[in-house]
Amino acid sequence: MSTAMNFGSKTFKPRPPDKGSFPLDHFGECKAFKETFMKCLRDNRFDNSKCRLQSKDYLECRMDHQLMAKEPLEKLGFKDLLDPPPSQADKDSKP
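Residues numbered from 1 in each chain as written. Predicted model: local features only at pLDDT ≥ 70, side-chain atom pairs only at ≥ 80, totals over all residues. Heavy atoms only, no water.

1. Let's talk about the environment of Gly-77
Definition in use: Under the scheme used here, helices are H or I runs from DSSP no shorter than 4 residues and strands are E runs no shorter than 2 residues, and both carry numbers assigned from the N terminus. Note on classification: 1.4 Å probe, protein chains only; a residue is buried when its accessible area is under 20% of the maximum for its type, exposed when over 50%, partly exposed between these limits.
When you line up the elements, Gly-77 lands in the loop between helix H3 (52-64) and helix H4 (88-93). Accessibility expressed as a relative area gives 41% for Gly-77, which makes it partly exposed. In this structure, the C-alpha to C-alpha distance between Gly-77 and Lys-56, residues 21 residues apart in sequence, is 9.1 Å.

Put into structure tokens, the structure is as follows:
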């Protein structure tokens, strides 16, 4: 009987999560970056802190090929790997 009561209720419409879900790389556009990242992980006993540069490169490839949403690298935790601003010494040496 309880199932008869559910026919009039709203239906559930699933939606993908905001983060963490993105298309597969069916055409292998970022395969080389993925393989480099995975090799780094294996070589470093899966300590991902030692493979951050490879991870950044892989994510940049995915964003460049629309395999994931574009995000600023700072927001993805790579602020320290970006080109640092010129130091004060560089500014002083220029006329």
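On we go.
2. Let's talk about the packing of helix H2 (residues 31-43) against H3
To keep it simple, the criterion reads: Think of each axis as a best-fit line through the C-alpha atoms, taken over the contacting stretch in the case of a helix, with angles from 0 to 180 degrees between the N-to-C directions. The cut-offs work like this: below 35 degrees is roughly parallel, past 145 is roughly antiparallel, 65 to 115 is roughly perpendicular, and the gaps in between are oblique. Left-handed describes a crossing whose near helix is turned anticlockwise from the far helix through less than a right angle; right-handed describes the clockwise counterpart. Whether two residues touch is decided by their heavy atoms; if any such pair falls within 4.5 Å, the residues are in contact. Amino acids are sorted into nonpolar (Ala, Val, Leu, Ile, Met, Phe, Trp, Tyr, Cys and Pro), charged (Asp, Glu, Lys and Arg) and polar (every other residue, Gly among them).
Between H2 and H3, whose axes approach to 9 Å, the crossing angle comes to 160°. If you check the angle between H2 and H3, you find them roughly antiparallel. Handedness of the H2/H3 crossing: left-handed. Mapping the contact onto sequence places Phe-33, Lys-34, Thr-36, Phe-37 and Cys-40 in H2 and Gln-54, Ser-55, Asp-57, Tyr-58 and Cys-61 in H3. Here the contact of H2 with H3 is composed, by residue class, of five nonpolar, three polar and two charged.

3. What about the pattern of salt bridges?
For clarity, the cut-off: Salt-bridge detection follows one rule: a side-chain nitrogen of Lys or Arg within 4 Å of a carboxyl oxygen of Asp or Glu.
Following the criterion strictly, the structure yields seven salt bridges and no others. In this structure, the salt-bridge partner of Lys-75 is Glu-71, at a minimum N-O distance of 3.6 Å. Among the ionic contacts, a cluster of salt bridges with common partners joins Lys-56, Asp-57 and Glu-60.

4. Describing the state of the cysteines
Condition: Any cysteine sulfur atom paired with another within 2.5 Å is treated as part of a disulfide.
The full count for this structure, using the stated rule, is two disulfides. Here Cys-30 connects covalently by a disulfide to Cys-61, the sulfurs 2.0 Å from one another. Linking Cys-30 and Cys-61, the disulfide has an S-S dihedral of approximately -95° and is accordingly described as left-handed. With Cys-30 in the loop between helix H1 (2-5) and H2 and Cys-61 in helix H3, this residue pair connects regions lying 31 residues apart in the sequence. Note on accessibility: Cys-30 and Cys-61 belong to one class, buried. Paired through a disulfide, Cys-40 and Cys-51 show a sulfur-sulfur distance of 2.1 Å. On the sign convention where negative means left-handed, the S-S torsion of about -95° between Cys-40 and Cys-51 marks this disulfide as left-handed. Taken as a pair, Cys-40 in helix H2 and Cys-51 in the loop between H2 and H3 lie far apart in primary sequence, 11 residues in all. An identical accessibility class is assigned to Cys-40 and Cys-51; each is buried. Cysteine pairing for the protein, with bonded cysteines counted in sequence order: 1-4, 2-3.

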